[in-house]
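Close look at the chain arrangement
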Amino acid sequence: MRTNTFRALVLSTCALAATGCDSLFFIEAEAEEICKAEPDVDFPAALPGTLSLQYSLEFPLGDFDEVLPQDTDVETELRLKAFEVTSSTDLSGIERASVSVVRPGTSESILIGEYRRTNTSPTQSIRLTGSGAVNLLDMAREDSLELVFDARGSLPTRDWNARLEACAGVRAKANYFDLVF
């Protein structure tokens, strides 16, 4: 796991004279970029007619949320920066791919990145990109998140190996008003 920066801020969201504010104070923790690589993932050969495969990856969040108070609600925002699959096998048959985060204790998943093939040229790498920040409610308190890679299309018909790397930014925000007053 590689983490570039952690930041923690206590900010005033509005002046005391202003109206319409939800909270006067909040505390925010941010990891600008957390990366996790799995350099040696084995995938089995696809049987004829197989159209999809899935692989789960544990994505550690680290301890960036330690500054957040334990007894208040936390809003978590995740932004997928990149999810890359690199192999020595031709991956041009993969037409679509996605990466989702699974809510702990459920089977509910939230889409955070996609890939769509734009040409049929041979390629040994696919890169999924995020569509923007995703609100994950209170998931910042988790030690790690489960990411699920799903690929669809004409999959390799022989066993293959790939390197997977996921990079994301995480921001968590807690209302500090209730703790101060």
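From a predicted model like this one, the values you see are computed outputs, not experimental measurements. (Residues numbered from 1 in each chain as written. Predicted model: local features only at pLDDT ≥ 70, side-chain atom pairs only at ≥ 80, totals over all residues. Heavy atoms only, no water.)

1. Notes on the pattern of salt bridges
Should the charged atoms of two oppositely charged side chains come close, the side chains can pair. The cut-off we apply is this: A carboxyl oxygen of Asp or Glu within 4 Å of a side-chain nitrogen of Lys or Arg is what we treat as a salt bridge. The way it works is that DSSP assigns letters per residue, a run of H or I at least four long becomes a helix, a run of E at least two long becomes a strand, and they are numbered from the N terminus. Burial status follows relative accessibility: with a 1.4 Å probe on protein chains alone, a residue under 20% of its type maximum counts as buried, one over 50% as exposed, and anything between as partly exposed.
In the structure shown here, the tally under the stated rule is eight salt bridges. Residue Arg 171 is joined to Glu 30 by a salt bridge in which the shortest nitrogen-to-oxygen separation is 3.3 Å. You can see Arg 171 sitting in strand 11 (residues 160–175) and its partner Glu 30 sitting in strand 3 (residues 25–43), a full 141 residues away along the chain. For Glu 30, a relative accessible area of 12% corresponds to the buried category. The network of salt bridges with shared partners includes Glu 28, Glu 30, Glu 77 and Arg 171.

2. What about the packing of aromatic side chains?
The following threshold applies: What counts as a ring pair is set by centres within 6.5 Å for rings of Phe, Tyr and Trp (its six-membered ring), and what kind of pair is set by the plane angle: stacked under 30 degrees, edge-to-face over 60, tilted for all other angles.
For the coordinates displayed, the defined rule picks out three aromatic pairs. Centre to centre, the rings of Phe 43 and Trp 160 are 4.4 Å apart; their planes meet at 20°, and the pair counts as stacked. Placement of Phe 43 in strand 3 and of Trp 160 in strand 11 is noted, with a sequence separation of 117 residues between them. Of the two residues, Phe 43 and Trp 160, neither departs from the other in class, the shared state being buried.

3. Things to note about the environment of Pro 122
Condition: Any pair of residues with heavy atoms lying within 4.5 Å of one another is described as a contacting pair.
Residue placement: Pro 122 occurs in the loop between strand 7 (109–116) and strand 8 (125–130). Note: C-alpha distance between Pro 122 and Thr 89 (33 residues apart in sequence) is 9.4 Å. Here Pro 122 is in contact with Asp 90 and Ser 92, once residues within four sequence places are set aside.

4. Observations concerning a negative patch on the surface
The criterion, for reference: Each patch is built from salt-bridge-free residues with over 30% relative accessible area, joining like charges within 9 Å and nonpolar side chains (Val, Leu, Ile, Met, Phe, Trp, Tyr) within 5 Å. Surface exposure here means Shrake-Rupley accessible area, sampled with a 1.4 Å probe, where a residue is shielded only by the protein chains that are shown. Neither His nor the chain ends contribute to the count of charged residues, in which Lys and Arg are positive and Asp and Glu negative. Lysine's charge is taken at NZ, arginine's at CZ, aspartate's at CG and glutamate's at CD.
A cluster of acidic side chains, namely Glu 58, Asp 73, Glu 75, Asp 138, Glu 142, Asp 143 and Glu 146, defines a negative patch on the protein surface. Mapped onto the elements, Asp 73 comes out in the loop between strand 4 (52–60) and strand 5 (74–87). Asp 73 gets classed as exposed once you look at its relative accessible area, which sits at 69%.

5. Focus: the nonpolar core
Spelled out, the test is: To define a nonpolar core, start from buried Ala, Val, Leu, Ile, Met, Phe, Trp, Tyr and Cys residues and group those joined through side-chain atoms within 4.5 Å.
Ranked by size, the top nonpolar core spans 45 residues in total, and within it Phe 83, Ile 126 and Phe 149 carry the most contacts. Elements supplying a minimum of two residues to this core: strand 3, strand 4, strand 5, strand 6 (94–102), strand 7, strand 8, strand 10 (144–153) and strand 11. Residue contributions to this core peak at eight residues, all from strand 11. Each residue touching Phe 83, except ones within four places of it in the same chain, is listed here: Leu 57, Val 99, Ile 126, Arg 127, Leu 128, Phe 149, Leu 164, Glu 165 and Ala 166.

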